[in-house]
Amino acid sequence: MGDGENVVQKEFRVSLFERTKDKVNGKLMLGIEAFFSKPASYLKENWIEPMQAKHRGNYYHRRFRRVPTIDECLVDDQLCMYEANEQMKRDKMVDKQIVKHLKIRFDECRRKYQDGAQTRCYQTYEDWQNTREDFLVKWGDMPPQHSALDVYYKQVHRMIHERRQRENPENNQKSV
Amino acid sequence: RRISLSKVVRGDYPNFWGPGHIGVPRFGHRLKDYHFHDHILQYAWIAAVPVALMGLYSLYIGPAELKDIPEGYEPRHWEYYRTPVQRYMHKWLYQSYEQAYERNLHILDLKYRKAESKKKYWIVSNHMQTNFRYKGWYYLIDRRIEDVLMFDELQKKHGMFREYFYGRPPMDRSNPTDRHM
């Protein structure tokens, strides 16, 4: 549907029975949750946090330098190839997490706008699907044990294909 | 001890080869149950002790806070982990990511050098085998190199080296690409 312009705004009134039901259910559920969480929160904030503050440490995220990629390596240079491979794996992990977080955003949006998700969550959906497509274009259809050379040659073949498409648009052959 | 009613009414039937029929009530052996529970508890205690110790250690010290790396400071490899148990393990037991990386690079370097030498040996050996009919002049080692090095060393030590036994000027080493042949 997705028709957000001509929506009819009707006035509605909830009955007393429904309102009491909402209050009781809300308070009941919140009460049950509080029964278990209040003691734990109290202990954590007043007893455990001060004890831990004296001995706790700091942790950091690793930072990696950029090393030469596989196209800048000499042939049979094993060290350069190893470092390029590791860098490729790290970049792939980063891209995977990006796609994952976009999906999480979409799901959170759907959870927030339950029935209005079709209209209000389309942007998140588009972001996720486009990023996913780009991820598959860059990293997909690889053999299970692939190296930086496989990824690089995929890019090379893709660029050659694009160039040929541009040069001869009448000779474009659609794959089966 | 109370006897469970279901066993009396339903007739907890015995195995096929035992005496009696399906309606005869059989009562379990209490001692067998206690013996089995003892075994289960002993098996659980083996894991429960280290888990409890690690839990108390974690509770006492607490998880670490995420911070930016300060300028001019290189964190140790265990300071990249959050929980105190992880930090302890990576500090005392495990080796760091950088260590494994450099070790792998070293191994690859050794293999690479060995492979390069083998390639050259194969080329030369193949050439010699294909040209075995040609005149095989032999090659002598160039002894002048040692003399030059000795001359340089003594020049450094004594200043001017008095050429009693050699009586020749030093070699022209202005062109470094010429091979000593």
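Within an unreviewed UniProt entry, the label attached to chain B reads NADH dehydrogenase [ubiquinone] 1 beta subcomplex subunit 5, mitochondrial, and the organism entered is Magallana gigas. Heading Sequence similarities (unreviewed entry) of the UniProt record for chain B holds this comment: "Belongs to the complex I NDUFB5 subunit family." A UniProt comment under Subcellular location (unreviewed entry) is attached to chain B, and it reads "Mitochondrion inner membrane".

Go over the environment of Val99(A), please, and point to the residues and values.
Residues and elements named next belong to chain A. Relative to the assigned elements, Val 99 resides in helix H2 (residues 78–112). Considering only alpha carbons, one finds Val 99 and Asp 127, 28 residues apart in sequence, at a separation of 9.1 Å. The contacts of Val 99, once residues within four sequence positions are left out, are Trp 128, Thr 131, Arg 132 and Phe 135.

Provide a residue-level description of the state of the cysteines, including the pertinent values.
All names here are of chain A. Tallied over the full model, the rule gives 2 disulfides over all chains. Covalently, Cys 73 is tied to Cys 80 through a disulfide, its sulfur atoms 1.9 Å apart. A torsion of -80° about the S-S bond marks the disulfide between Cys 73 and Cys 80 as left-handed. Considered together, Cys 73 and Cys 80 belong to a single accessibility category, that of buried residues. Covalently, Cys 109 is tied to Cys 121 through a disulfide, its sulfur atoms 2.2 Å apart. Across the disulfide from Cys 109 to Cys 121, rotation about the S-S bond amounts to roughly -95°, and the bridge is consequently left-handed. One end of the pair, Cys 109, is in helix H2; the other, Cys 121, is in the loop between helix H3 (117–120) and helix H4 (122–139), with 12 residues separating them in the sequence. For chain A, the bonded cysteines pair up as 1-2, 3-4 when numbered in the order they occur along the sequence.

Explain the layout of surface pockets residue by residue, including any values.
Here the largest pocket is characterised by a volume of approximately 580 Å³. Around the largest pocket sit 17 residues that line it, and Arg63(A), Phe64(A), Arg65(A), Glu74(B) and Glu98(B) are the ones nearest its centre. When contributions to the lining of the largest pocket are tallied by element, the ones reaching two or more residues are H2 of chain A together with helix H4 (97–130) of chain B. Partitioned by chemical class, the residues of the lining of the largest pocket number 9 nonpolar, no polar and 8 charged. Estimated volume of the second largest pocket: approximately 340 Å³. If you go around the second largest pocket, you meet 17 residues; those closest to its centre are Thr69(A), Lys138(A), Val151(A), Tyr152(A) and Gln155(A). If you tally residues by element for the lining of the second largest pocket, the top one is helix H5 (residues 148–167) of chain A, at 6 residues. Considering only residue class, the lining of the second largest pocket consists of 8 nonpolar, 3 polar and 6 charged.

A description of the side chain of His77(B) should follow, citing residues and the corresponding values.
As for its placement among the helices and strands, His77(B) is situated in the loop between strand S1 (65–66) and helix H3 (84–92). At 2.7 Å, the side chain of His77(B) forms a polar contact with the backbone oxygen of His90(B). If we ignore the near neighbours within four places in the chain, the residues touching His77(B) are Arg62(A), His90(B), Tyr94(B), Ser96(B) and Glu98(B).

Cut-offs applied
Residues numbered from 1 in each chain as written. Chains lettered and ligands numbered in written order. Predicted model: local features only at pLDDT ≥ 70, side-chain atom pairs only at ≥ 80, totals over all residues. Heavy atoms only, no water. UniProt positions renumbered as here; feature names shortened; annotations may be inferred. Helix = DSSP H or I, 4+ residues; strand = E, 2+ residues; numbered from the N terminus. Contact = heavy atoms within 4.5 Å. Disulfide = S-S within 2.5 Å. Buried < 20%, exposed > 50% of the residue type's maximum accessible area, 1.4 Å probe, protein only. 1 Å grid on protein atoms, 1.4 Å probe; cavity = no way out; pocket = protein on both sides within 12 Å on 5 of 7 lines; lining within 4 Å. Points joined across faces, edges and corners; volume = space filled by probe spheres on them. Nonpolar A, V, L, I, M, F, W, Y, C, P; charged D, E, K, R; others polar. Polar contact = N/O pair within 3.5 Å; in protein donor to acceptor, adjacent residues only side chain to side chain.

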